[in-house]
Amino acid sequence: MYHKLQYISQGNTIEKQLYNIHNALDNGCDWVQLRFKNQSTKNCFVLAEAVKFLCEEYLANFIVNDNVYLAQQIAADGVHLGLLDTKIEEARAILGNTKIIGATANTFDDIQNHIENGCDYIGLGPLRFTTTKEQLSPILGFEGYRTILQKLKENNLEIPVYAIGGIIADDIDTLMETGVHGIAVSGLITNSNQKEKLIQQLNEKLYANIFV
């Protein structure tokens, strides 16, 4: 089963990225998606190699955002693809059947297409406005999640769906009621002054009904 809390990394330098990722891992995150935009190939490789080492040390999943060849090169656990990135079928051909491939979605049709193409999990969003992403898809709000998750159920489509985009701690209970599997967050963890307490609270909420 996939962990319910994903940390999407932040930082404009290798040092800042490593600092943020190490902090997230050290305080209880066990899934890291490396997002390092508009950087040189060399810097991306150096960072990815270091993050892989960290994730192995903490027994955490390590996913590379967008860059399929980098994920292949450093033998990451998988890749996350945006709506305009490499197609899932191409990524699968490069990475093989054992790697995790996640994909961004904004609509039910997006998810349906991703499932048909062999996607392993969905990042559905955004919940609300966020400055983390430059080209933001239409905002879903809680009702958008309810509608899309209900439609998946009606069509007997099953895939782990992660809510993403401007999520705060107070959103978790309402989001989990919509039927999402978990959340993918960035600034919420990066900007917290009490990361251990925050991540513990998030995990408690995310896993609250797992045995019910």
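Summarised in this report is the structure supplied together with it.

About the criteria used
- Residues numbered from 1 in each chain as written.
- Predicted model: local features only at pLDDT ≥ 70, side-chain atom pairs only at ≥ 80, totals over all residues.
- Heavy atoms only, no water.
- Helix = DSSP H or I, 4+ residues; strand = E, 2+ residues; numbered from the N terminus.
- Expected span 1.5 Å × (residues − 1).
- Buried < 20%, exposed > 50% of the residue type's maximum accessible area, 1.4 Å probe, protein only.
- Arc of directions from axis to C-beta.
- Phe/Tyr/Trp six-rings, centres within 6.5 Å; stacked < 30°, edge-to-face > 60°.
- Lys NZ or Arg CZ within 6 Å of the ring centre and 35° of its normal.

### What about the environment of Glu154?
Now for step 1: Considering the arrangement of structural elements, one finds Glu154 in helix 6 (residues 141-154).
Now for step 2: Along the chain, Glu154 and Asn43 lie 111 residues apart, while their C-alpha atoms are 45 Å from each other.

### Structural notes on helix 1 (residues 14-26)
Now for step 1: Across its 13 residues, helix 1 extends 18 Å between first and last C-alpha, which sits within 8% of the 18 Å expected from 1.5 Å per residue.
Now for step 2: Three or more residues of helix 1 are buried, namely Ile14, Gln17, Asn20, Ile21, Ala24 and Leu25. For helix 1, the angular spread of buried residues about the axis comes to 135°, placing them on one side. Turned more than 90 degrees away from the buried face of helix 1, the exposed residues are Glu15 and Asp26.

### Quick look at the packing of aromatic side chains
For any pair of aromatic rings, the description rests on two quantities: the centre-to-centre distance and the angle between the ring planes.
Now for step 1: As enumerated under the stated definition, the model contains five aromatic pairs in all.
Now for step 2: Here Trp31 and Tyr162 contribute two aromatic rings whose centre-to-centre distance is 6.1 Å and whose plane-to-plane angle is 45°, an arrangement assigned as tilted. Here the residue Trp31 occupies a position in strand 2 (residues 31-34), and Tyr162 occupies one in strand 7 (residues 161-164), the gap between them amounting to 131 residues.
Now for step 3: Summarising the aromatic geometry, the rings of Tyr121 and Tyr162 are spaced 5.4 Å apart at their centres and angled 75° between planes, so their arrangement reads as edge-to-face. Placement of the pair is Tyr121 in strand 6 (residues 121-124) and Tyr162 in strand 7, with a sequence separation of 41 residues.
Now for step 4: When its relative accessible area of 1% is taken as the criterion, Tyr121 is described as buried.
Now for step 5: For Tyr162, a relative accessible area of 0% translates into the label buried.
Now for step 6: Three or more aromatic residues link up through ring pairs in this structure, and these residues are Tyr2, Trp31, Tyr121 and Tyr162.
Now for step 7: One cation-aromatic arrangement involves Lys4 over Tyr207; the distance from NZ or CZ to the ring centre is 5.8 Å.

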